[in-house]
Amino acid sequence: MSRQTRAIIHPKALQANFSRLQPSLPSRAIAVIKADAYGHGAVNVASALRDRCECFAVAICDEVHPLREAGITQPVVVLEGPHDKQDCVVAKSSNCILVVHNQVQLEWLSELPPQHRPVIWLKVDSGMHRLGFSVQEAARVLAENSWLTEQPCVLVTHFACADEPDNPFNAQQIEQFNQIAVNSGLPVCMANSAATLAHPETSGAWCRLGIGMYGATPLANETAKALSLEAAMTLQAEVIGLHRIKKGESVGYSQTWFADRDSVIATVGIGYADGYPRHCPSGTPVIVNGHRAALAGRVSMDMITVDVTDIPEVSLQDKVELWGRQLPVDEVAAWAGTISYELTTRVSTRVPRVLEQISEGA
Ligand SMILES: Cc1ncc(COP(=O)(O)O)c(C=O)c1O
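Reference entry: report on the structure contained in this document. Predicted model, so just to flag it, every value in this text is computed and none were measured. (Residues numbered from 1 in each chain as written. Predicted model: local features only at pLDDT ≥ 70, side-chain atom pairs only at ≥ 80, totals over all residues. Heavy atoms only, no water.)

Here's the deal with the overall build of the chain
Here comes step 1: Counting its regular elements, the chain contains 12 helices and 18 strands.
Here comes step 2: Projected onto its principal axes, the C-alpha coordinates of the chain cover approximately 75 × 45 × 45 Å.
Here comes step 3: A burial count over the chain gives 53% of its 362 residues as buried.
Here comes step 4: Pairs at least 24 residues apart make up 63% of the contacts formed inside the chain by residues separated by at least 6 positions.
Here comes step 5: Split by element, the accessible area of the chain, about 16400 Å² in all, is 51% carbon and sulfur. (Helix = DSSP H or I, 4+ residues; strand = E, 2+ residues; numbered from the N terminus. Buried < 20%, exposed > 50% of the residue type's maximum accessible area, 1.4 Å probe, protein only. Contact = heavy atoms within 4.5 Å. Areas by Shrake-Rupley, 256 points an atom, 1.4 Å probe, with all protein chains shown as cover.)

As for the pairing of strand S1 (residues 6–9)
Here comes step 1: Burial along S1 is two-sided: the face carrying Arg6 and Ile8 and the face carrying Ala7 and Ile9 are both buried.
Here comes step 2: Looking at chain direction, S1 and strand S10 (residues 233–245) are connected through 4 bridges and run antiparallel. If you follow arginine 6 over to S10, its bridge partner there is glutamine 236.
Here comes step 3: The pairing of S1 with strand S18 (residues 353–355) spans 3 bridges and is parallel. Its bridge partner being in S18, isoleucine 8 is matched across the sheet by valine 354. (Pairing = 2+ DSSP bridges.)

Topic: the packing of aromatic side chains
Here comes step 1: According to the stated counting rule, one finds 4 aromatic pairs in the structure shown.
Here comes step 2: Relative to tryptophan 206, the ring of tryptophan 121 lies with its centre 6.2 Å away and its plane at 40°, an arrangement referred to as tilted. Taken as a pair, tryptophan 121 in strand S6 (residues 119–123) and tryptophan 206 in strand S9 (residues 206–209) lie far apart in primary sequence, 85 residues in all. For the pair formed by tryptophan 121 and tryptophan 206, the shared burial category is buried.
Here comes step 3: Three or more aromatic residues link up through ring pairs in this structure, and these residues are Tyr38, Tyr214 and Tyr341.
Here comes step 4: Positioned over the ring face of tryptophan 147 is arginine 117, at 4.1 Å from the centre of the ring. (Phe/Tyr/Trp six-rings, centres within 6.5 Å; stacked < 30°, edge-to-face > 60°. Lys NZ or Arg CZ within 6 Å of the ring centre and 35° of its normal.)

Shown next, in the form of structure tokens:
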């Protein structure tokens, strides 16, 4: 790890954000750590939350094994449920809860001897039309498979527009879901980070906290800072080259940036192969020695170039923050025309995740 490019993970921020988002009892929070905890490292995040989180969630069964190998013992909800019969067999011994969303999964599970069946939650499609049984199908499934309600079944659904609290589709989904939730009397799990904040009445028995826990905003019209959420990842690199160029000269591939004055350009050791988005245009902010500077020219595979003309005394090996504590990931995502979820999950395996040590007494 001679190159100083790092994703520094802040456990205190994860803990603070988790507490901040936790709904009031009797609702309980599941920490969503799928996709390697949105790029933060699933074991890092589960370890940071080990003493305060009762249950984790991943997308697929394969994501459970590293957690168990790291000694994480809490139940893990598998949001896509089983992808084959073997997933069903392994789920019980690995203390997984499978969210079942289609008939084939249901058949795999019903063929297992009852004592080998894991806990099963049922996914209801309340309008997103991505996964789940319709309200009518779910009612039939529950009626035809009484074994489902003889185990600790929870009804699960997912909002399409929770990041827009005033979107009327939220109320439509709640109304649709309530048709089965109220009739069945089963506990429910509906809310993601956005709904937990903006529609606390949807927190149900369990809510599922993802992006807010990582310190990015779940809401389209609020910043993370306004919601008192702290960055859980700082993506950092260092200056590996410095060039004085003349007014009128260009920087980088395809000559997309020309200096409008004599300029100093810092080359920084991170590129799109590390997960820094190639879509970031010139002007995208980065932090050099605590000062804002701007990307100048195309993002390359392993490097970016930054206009540091106005920043005092930049030297080789100076630290550069691409996003994190000094520069919200949401802001960089907006420059890249995407969302924070994509930026953090795309930080590549070439970038070491370094868990910030919590100092004594801190
Ligand atoms: C089914 C499901 N539940 C919960 C979440 C967590 O959502 P958020 O990260 O917006 O809190 C996700 C995220 O993609 C999801 O797909």
